[in-house]
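# Residue-level structural notes
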Amino acid sequence: ELRPVARRSLSRRVHRHYRGFAQNQLRLLEKQPTAKKLLYVLRTTITGIHLLATGELEPDLTRLTVRYGIEDAAALIERKCAGERVELDPGLLDAWGPRVDALFARLDEARETSALPEEPSNEPEMRNWLLGVRRARFDV
């Protein structure tokens, strides 16, 4: 019931969410350089790029990295599965730095070229749906 309403509420506003989350994860990565933290940065930037480009939410990082030509992220996924708190080699982190910067630039570009509207066009519909759920749940 919510999916079509949510789909109609997608807008370029998602850029702010994904960019902000990715920047926060990047700050955490700098403090604690682990595969898990780097994968969070990759997940949020690539998910945002994909959503802005296609209007579809794809949460599978493996599919996204293949689709966007970042297949070597599979090694990071393996490393994360072996131990979430294992620190990354500084050289590996340095090697990913320019690629991460390029993903942020690509995320910004995706916002500018996105076919999504600037703002959601169905805020009243979303509000009415939410009120209906609340009324049903609380018998108001």
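So, how was this worked out
- Residues numbered from 1 in each chain as written.
- Predicted model: local features only at pLDDT ≥ 70, side-chain atom pairs only at ≥ 80, totals over all residues.
- Heavy atoms only, no water.
- Helix = DSSP H or I, 4+ residues; strand = E, 2+ residues; numbered from the N terminus.
- Contact = heavy atoms within 4.5 Å.
- Areas by Shrake-Rupley, 256 points an atom, 1.4 Å probe, with all protein chains shown as cover.
- Lys, Arg positive; Asp, Glu negative; His and termini not counted.
- Charge placed at Lys NZ, Arg CZ, Asp CG, Glu CD.
- Expected span 1.5 Å × (residues − 1).
- Phe/Tyr/Trp six-rings, centres within 6.5 Å; stacked < 30°, edge-to-face > 60°.
- Lys NZ or Arg CZ within 6 Å of the ring centre and 35° of its normal.
- Salt bridge = Lys/Arg side-chain N within 4 Å of Asp/Glu carboxyl O.
- Buried < 20%, exposed > 50% of the residue type's maximum accessible area, 1.4 Å probe, protein only.

For the rest of this paragraph, the subject is the overall build of the protein chain. What the protein chain contains, in helices and strands, is seven helices and zero strands. From first element to last, N terminus to C terminus, the protein chain shows the α and β order α-α-α-α-α-α-α. The dimensions of the protein chain, computed from C-alpha atoms along their principal axes, are 55 × 35 × 25 Å. A separation of at least 24 residues holds for 72% of the contacts in the protein chain among residues at least 6 apart in sequence. Here the protein chain displays about 8800 Å² of accessible surface, and carbon together with sulfur accounts for 53% of that area. Mean positive and mean negative side-chain charge positions of the protein chain (24 and 21 charges, respectively) differ by 6 Å.

Here we take up the environment of Val-14. Its place among the elements puts Val-14 in helix 2 (residues 14-31). If sequence neighbours within four positions are ignored, Val-14 has contacts with Leu-51 and Leu-52.

Further remarks concern helix 7 (residues 123-138). Here helix 7 is 16 residues long and its end C-alpha atoms lie 22 Å apart, about the 22 Å a rise of 1.5 Å per residue gives. Trailing helix 7 by a residue or two, Asp-139 shows a phi angle of about 50 degrees, which is positive.

This paragraph deals with the packing of aromatic side chains. One pass over the full model with this rule turns up zero aromatic pairs. Over the face of the ring belonging to Trp-96 we find Arg-99, whose NZ or CZ atom lies 4.1 Å from the ring centre.

Following the sequence through the fold, Lys-37 ends up in helix 3 (residues 35-54). In contact with Lys-37, other than residues within four places in its own chain, are Gln-25, Leu-28, Leu-29 and Gln-32.

A separate point is the pattern of salt bridges. Evaluation of the coordinates by the stated rule reveals eleven salt bridges. Put simply, Arg-12 and Glu-118 hold a salt bridge, and the shortest N to O gap is 3.9 Å. Note that Arg-12 is positioned in the loop between helix 1 (2-9) and helix 2 and Glu-118 in the loop between helix 6 (90-113) and helix 7, a separation of 106 residues in sequence. Taking relative accessible area as the criterion, Glu-118 reaches 39% and is therefore assigned partly exposed. As a salt-bridge pair, Glu-58 and Arg-63 come within 3.2 Å of each other at their nearest N and O atoms. The class for Arg-63 is exposed, based on a relative accessible area of 53%. Linked through salt bridges whose partners overlap, the residues forming this network are Arg-12, Arg-111, Glu-112 and Glu-118.

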